[in-house]
Amino acid sequence: MKKSAIVFTWEGVDKSGKKIKGEMEAAGVATVNAMLRRQGINPTRVVKRSKPLFTMKRKIKPKDVAIFSRQLSTMLTAGIPVAQAFDIVGKGHENPSMQELIMTIRQDVESGTSLTLALSKHPLQFDRLYCNLVGAGEAAGILDSILDKLATYKEKIESIKGKIKSALFYPAAVVVVAFIITTILLVFVIPQFEDLFKGFGADLPALTQMVINLSKFFQSYWYLIFGGAIGGFIGISYMYKRSEKMQDALDRLLLKAPVIGVIVKKATIARFARTLGTMFAAGVPLVEALDSVAGASGNRVYYNGTMRIKADVSTGMQLQAAMNSTELFPNMVVQMVAIGEESGELDKMLGKVADFYEQEVDDAVAGLSSLLEPIIMAFLGVVVGGLVIAMYLPIFKMASTV
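Every value quoted in this text rests on a predicted model; they were computed, and no experiment measured them.

Draft legend 1. Molecular detail of the overall build of the chain. When you go through the chain residue by residue, the secondary structure sums to 15 helices and 3 strands. Expected size for 402 residues packed as a compact globule is a radius of gyration near 21 Å; at 30 Å, the chain overshoots this value by more than 25%. Looking at the 402 residues of the chain, the share that counts as buried comes to 38%. Across the chain, the fraction of contacts at a sequence separation of at least 24, relative to all contacts at a separation of at least 6, is 59%. Surface exposure of the chain reaches about 22,900 Å², of which carbon and sulfur atoms provide 61%.

Next comes the structure, spelled out in C-alpha cells:
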C-alpha cells in the first residue's frame with residue numbers, strides 16, 4: 001500500500017549561501033532532506049506542517065469543478081503530464097476541500113488507476129455525465145478538449161441555475177419579510193392599541209375587531225403556526241426527495257405556474273440541449289447520452305420524458321420523432337434537431353437551441369424583475385398598510401364624533 005504523503009516546511013541554505021525556505025510533500029523527514037540535497041540545498045530545519053486547531057471545510061461547489069476542469073484542460077493542452085498537472089492545479093485551487101480532493105485523485109492516477117475510475121469514486125462532485133465524458137475523452141485521446149467542453153458546460157448550466165434562483169428568491173424573500181413584519185405587529189404593536197381601545201367605551205369597527213381577534217389568535221397559537229409552517233416545509237422537502245410521485249406532481253405544477261413556469265420550462269430545455277449537445281460532440285453514443293441527459297434535466301417531468309425518448313431511440317426511432325411524441329418540446333426545437341440529424345451536425349444545432357433558450361431565460365428573468373417590483377410593493381402596502389389603517393380607524397371615528 002502506498003504511504004500517504006505528508007506536508008513538511010523546511011529551511012535551508014543554497015549553494016550561494018542564501019537562506020531559503022519552502023514546503024514539500026514527502027513520506028518522511030529523511031526523504032525531504034535527500035530531495036533538498038539533490039537540489040543543491042543544505043537543509044537546516046525540517047518539520048511537519050502543523051494543522052490549525054479549528055478548520056472549517058468549505059463545500060465543493062460546481063463552480064470549483066468548472067475551474068478545475070478548465071485549469072486541467074489548459075495544463076494538458078500545454079503537454080504537461082496528468083499527474084504533474086493535478087499537482088499544479090490542486091495546489092493552486094482556492095478551496096482547501098477541492099485541493100484535498102484533487103490530491104486524492106492524483107494519488108489514484110499515479111497508482112495506475114484511470115482518470116475516469118478515479119473521478120467516479122467521488123460521485124457527489126463528478127456525476128455520471130462528467131465521468132462518461134472523461135471516459136470518452138480518454139478513449140479517443142482528446143481529454144484536454146473534453147475537459148474544456150466540460151468546463152464550458154458547467155459554467156453555462158450554473159449560470160442558468162443562478163438565473164432561476166434569482167427569479168424565485170426575490171418574491172420568496174419579500175413574502176418572508178412581510179410575514180416577519182406582520183408577526184411583529186400582531187404580537188407587539190396591536191396589543192398596545194387594544195389596551196388603548198378598551199377605554200373608548202364604544203364598538204370598534206369591523207376591520208379593527210378582526211385584526212385584534214387575529215392578534216389574539218396568533219398570540220395563543222403562535223407555536224402551532226410556526227410549527228406548522230416549518231413542519232410543512234420540512235415534510236414536503238422530505239417527501240419530494242423520496243417520492244417520485246411527489247416530484248412529478250410538484251415539478252408538473254411548477255411548469256404550469258404563471259410566469260415562473262415559462263422560465264423554468266425554457267431553462268430545462270436549455271439544459272437538455274446543452275447537455276445532449278456536449279455529450280454528442282464528445283462521441284458518446286446517443287442512447288447512453290440520453291441516460292445522462294435525463295439525470296441532468298433538473299425536472300422530473302422532463303426526466304420521464306427523456307427516458308421515453310431513450311426507449312424510443314433504442315428501438316430505431318429518430319431523435320426528433322421521439323422528442324415530438326413527448327409533447328414537451330416546442331416545434332422549433334424539434335425542427336432544429338431534425339435538421340441536425342439530416343445534416344450530421346446535431347451537436348451544433350443543439351448548441352444553437354441551448355444558446356437561444358439561455359437568452360430567452362435572461363430576457364424572461366429581466367422582465368419578471370420589472371413586473372414583480374410594483375406587485376410586491378402593492379402586496380406590502382396592502383398587508384402592512386391594512387394593519388395600520390385598522391388600528392387607526394377607531395381614533396378617526398372618535399375624532400369625527402368629537
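Next comes the rest of the account.
Draft legend 2. Molecular detail of the environment of G283. With respect to the element layout, G283 can be found in the loop between helix 10 (260-281) and helix 11 (286-296). A relative accessible area of 57% means that G283 is categorised as exposed. Along the sequence, G283 and L133 sit 150 residues apart, while their C-alpha atoms lie 8.4 Å from each other.

Draft legend 3. Geometry of the packing of helix 13 (residues 319-326) against helix 14 (residues 331-343). Helix 14 packs onto helix 13 with a crossing angle of 165° between their chain directions and a minimal axis gap of 8 Å. Relative to helix 14, helix 13 is oriented roughly antiparallel. Viewed along their axes, helix 13 and helix 14 form a crossing whose handedness is right-handed. Each of L319, Q320, M323 and N324 in helix 13 lies in contact with helix 14, whose residues at this interface are V333, V334, V337, A338 and E341. Of the residues belonging to the contact of helix 13 with helix 14, the class tally is 6 nonpolar, 2 polar and 1 charged.

Draft legend 4. Broad picture of helix 12 (residues 300-314). For helix 12, which comprises 15 residues, the first-to-last C-alpha distance of 21 Å matches the rise-based estimate of 21 Å (1.5 Å per residue) to within 8%. Taken residue by residue, helix 12 has R300, V301, Y302, G305, T306, I309 and V313 as its buried positions. For helix 12, the side-chain oxygen to backbone nitrogen distance between the N-cap and V301 is 2.9 Å, and the N-cap itself is N299. Within two residues after helix 12, G316 carries a phi angle of roughly 110°, on the positive side.

Draft legend 5. The arrangement of the packing of aromatic side chains in detail. Applying the stated criterion across every chain yields a total of 7 aromatic pairs. Arranged with centres 5.1 Å apart and planes meeting at 90°, the rings of F356 and Y357 form a pair that is edge-to-face. F356 sits in the partly exposed class, given a relative accessible area of 38%.

Draft legend 6. Up close: the side chain of R106. With respect to the helices and strands, the residue R106 is situated in helix 4 (residues 96-110). The class of R106 is buried, set by a relative accessible area of 10%. Within the local environment of R106, its side chain forms a polar contact with the side chain of D87, the two groups lying 2.7 Å apart. If sequence neighbours within four positions are ignored, R106 has contacts with E25, A83, F86 and D87.

So, how was this worked out
Residues numbered from 1 in each chain as written. Predicted model: local features only at pLDDT ≥ 70, side-chain atom pairs only at ≥ 80, totals over all residues. Heavy atoms only, no water. Helix = DSSP H or I, 4+ residues; strand = E, 2+ residues; numbered from the N terminus. Rg over C-alpha atoms; globule rule 2.2 N^0.38 Å. Buried < 20%, exposed > 50% of the residue type's maximum accessible area, 1.4 Å probe, protein only. Contact = heavy atoms within 4.5 Å. Areas by Shrake-Rupley, 256 points an atom, 1.4 Å probe, with all protein chains shown as cover. Axes fitted to C-alpha atoms, helices over the stretch in contact; angles between N-to-C directions. Parallel < 35°, antiparallel > 145°, perpendicular 65-115°, else oblique. Left-handed = near helix turned anticlockwise from the far one by under 90°. Nonpolar A, V, L, I, M, F, W, Y, C, P; charged D, E, K, R; others polar. Expected span 1.5 Å × (residues − 1). Polar contact = N/O pair within 3.5 Å; in protein donor to acceptor, adjacent residues only side chain to side chain. Phe/Tyr/Trp six-rings, centres within 6.5 Å; stacked < 30°, edge-to-face > 60°.

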